[in-house]
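Architecture and fold: a report
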Amino acid sequence: MAARGRASLSPAALLVVAQLVWAPDPYGEECRSKTYPPSGPTFKGNVPTYVINLDLPPSQRWDNLMHDKKTELKTVVQNIKDIANTFFPSGKVVDIVDNKIARLTATLPYPFNEELQGIANSSGIPLGEIVIFNIFYEIFTVCTSIVAEDKTGKLYHSRNLDFGLFLGWDVKNNSWTLTRELKPLVVNLDFQRNNKTVFKSTNFAGYIGMVSGVKPDLFTLTMNERFSLDGGYVGIFEWFLGRRDGMWMGFLTRTVLENATSYQDAKDRLAKTRLLAPAYFILGGKNSGEGCVITRSRTATLDIWDLDIKKGTWYVLETNYDRWKPPLILDNRRTPAMKCLNQTTQENISLPTIYDVLSTKPVLNKLTVCTTLMEVDNGHTETYLRECPDPCSPW
């Protein structure tokens, strides 16, 4: 009688599960080497750099960038609208975006509300659609971030930016439609005040938050989505309903990059600020041992994983799963990335060898838009568009 309420798997189903667990990754490969400088089939191109002048009024800061990238941004926004209309053919979702969400922009903190309005004005895209484009990173990303320290105490921070999960599969080209269309929007940004760099970032044109950035000679920062039932959807829905005590992830990272005065200051802000969505913040400093992964729920810090050279922890790595839990069977980028880092060894770690790690499938996959390599010294940043030739994991 007690067994009636239990769900059980048949022997055949158990066999399938066991095969999934123990079978080798069909898309995996041996750790890559000598892929840097970038070239060949996994290299899609370089990324342009733009200056964002923080001395200008917020509504004008993005005008030059939008002048060059508005056509590409319109393509991506139209793709998002097409996907929405596929699920909701009535067109009501797009109508809500263009009207009701646009009106909610005024509830966003300054200067972000005015910057979004400025992007809408200069691109000719409805304000609500610009807001939705900025929301998407809170929901649809799967990334890999690494902070590593070499034997001399020098720190390196790198990431693959993977974006577009479940947002349109192109059967003909065997690729994610949105991932492909985002690549022309990738830019390096140099945020300046009084003609001096405040921080640098790698961004999508039209997105005003920060996903990867460096504050020269102080710290480096990347952000990864954290999958959770209490996820970004919940926080965004609460924001729509009027509860606005949480901060958008991208707005927080940008605020930290602009205003934090040290690695510890940045760490405290990232650990203590209430969020709209769960997240992983991957932070690197300028001194030996300054590197960590901060695991966040929307309201609290669940874990801080620090570099600890004395205990042998010379790198920290984050994909999209809590480090104390196994990753999803069908999305295990953590194990191959750690394998390649361990094979590289601390003696040989560098930006080129980390690029090798990030070029190894399935760490490199169909969702990978670009790879960013950073050093805190002088705010050094390199970004390269990526391609994952078949056979390649869809994520």
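Here's a quick rundown of the structure. (Residues numbered from 1 in each chain as written. Predicted model: local features only at pLDDT ≥ 70, side-chain atom pairs only at ≥ 80, totals over all residues. Heavy atoms only, no water.)

Below, the discussion takes up the overall build of the protein chain. Secondary structure summary: the protein chain contains eleven helices and 16 strands in total. Taken against the 2.2 N^0.38 rule, which gives 21 Å for 395 residues, the C-alpha radius of gyration of the protein chain at 21 Å falls within 12% of a compact globule. With the C-alpha coordinates of the protein chain rotated into their principal frame, the extents come out at 60 × 55 × 45 Å. Burial analysis of the protein chain (395 residues in total) assigns 56% to the buried set. Taking all contacts inside the protein chain whose residues are at least 6 apart in sequence as the whole, residues at least 24 apart take part in 67%. Split by element, the accessible area of the protein chain, about 17,400 Å² in all, is 55% carbon and sulfur. (Helix = DSSP H or I, 4+ residues; strand = E, 2+ residues; numbered from the N terminus. Rg over C-alpha atoms; globule rule 2.2 N^0.38 Å. Buried < 20%, exposed > 50% of the residue type's maximum accessible area, 1.4 Å probe, protein only. Contact = heavy atoms within 4.5 Å. Areas by Shrake-Rupley, 256 points an atom, 1.4 Å probe, with all protein chains shown as cover.)

Moving on to the sheet that holds strand β4 (residues 155-162). Pairing within the open sheet is antiparallel, and its six strands lie in the order β1-β16-β15-β4-β3-β14. Only two strands of the sheet have a single neighbouring strand rather than two, namely β1 (43-46) and β14 (315-318). Averaged over all neighbouring strand pairs, the angle between strand axes comes to 15°, with direction disregarded. (Pairing = 2+ DSSP bridges. Axes fitted to C-alpha atoms, helices over the stretch in contact; angles between N-to-C directions.)

Core analysis: the biggest nonpolar cluster contains 72 residues, and Leu73, Phe133, Phe204 and Phe281 have the highest contact counts within it. The residues touching leucine 73, leaving out its near neighbours within four places in the chain, are Met66, Ile119, Ile125, Ile130, Phe133, Leu185, Ala205 and Gly206. (Core = buried A, V, L, I, M, F, W, Y, C linked by side-chain atoms within 4.5 Å.)

So, on to the side chain of arginine 333. The residue arginine 333 is located in the loop between β14 and α10 (334-344) in this model. Among the polar contacts made by the side chain of arginine 333, one reaches the main-chain carbonyl oxygen of cysteine 143 at a distance of 2.8 Å. In this structure arginine 333 touches Val142, Cys143, Thr144, Asp162, Thr319, Asn320, Tyr321, Pro362, Val363 and Asn365, once residues within four positions along its chain are discounted. (Polar contact = N/O pair within 3.5 Å; in protein donor to acceptor, adjacent residues only side chain to side chain.)

Next up on the list: unusual backbone geometry. The residue after tyrosine 36, namely proline 37, is reached through a cis peptide bond having omega 5°. Within the secondary structure layout, proline 37 lies in the loop between α1 (11-22) and β1. Phi is positive for asparagine 174, which is not a glycine, with a value near 55°. In this structure asparagine 174 comes out as partly exposed when scored by relative accessible area, which is 28%.

Before going further, it helps to spend a moment on helix α2 (residues 63-87). For α2, which comprises 25 residues, the first-to-last C-alpha distance of 33 Å matches the rise-based estimate of 36 Å (1.5 Å per residue) to within 8%. A bend of about 65° at lysine 69 is the largest found in α2. The complete set of buried residues in α2 reads Leu65, Met66, Lys69, Leu73, Val76, Val77, Asn79, Ile80, Ile83 and Ala84. Contacts from the buried residues of α2 go to β2 (49-53), α3 (92-104), α4 (112-123), α5 (127-135), α6 (177-182) and β7 (186-193). (Expected span 1.5 Å × (residues − 1). Bend = angle between axes of the 7 residues up to and from the residue.)

We now examine the sheet that holds β7. The eight strands are arranged β2-β7-β8-β9-β10-β11-β12-β13 in an open sheet whose pairing can be described as mixed. Edge strands, defined here as strands with exactly one partner in the open sheet, are β2 and β13 (301-306). Ignoring strand direction, the axes of neighbouring strands in this sheet form an average angle of 20°. Along the sheet face, α2 touches β2 and β7 and points at about 145° away from the line of β2. Its contacts with the sheet put helix α8 (residues 249-259) on β7, β8 (196-204), β9 (212-215), β10 (219-225) and β11 (279-284), and the angle it makes with β10 is roughly 175°.

A word on the side chain of glutamate 318. Among the structural elements, glutamate 318 can be located in strand β14. The buried charged residue glutamate 318 lacks any salt bridge, with arginine 334 as its nearest oppositely charged partner at 5.7 Å. A polar side-chain atom of glutamate 318 sits 3.2 Å from the main-chain amide nitrogen of tyrosine 321. The residues contacting glutamate 318, other than those within four sequence positions of it, are Cys143, Thr144, Ser145, Asn224, Tyr280, Ile282 and Val293. (Lys, Arg positive; Asp, Glu negative; His and termini not counted. Salt bridge = Lys/Arg side-chain N within 4 Å of Asp/Glu carboxyl O.)

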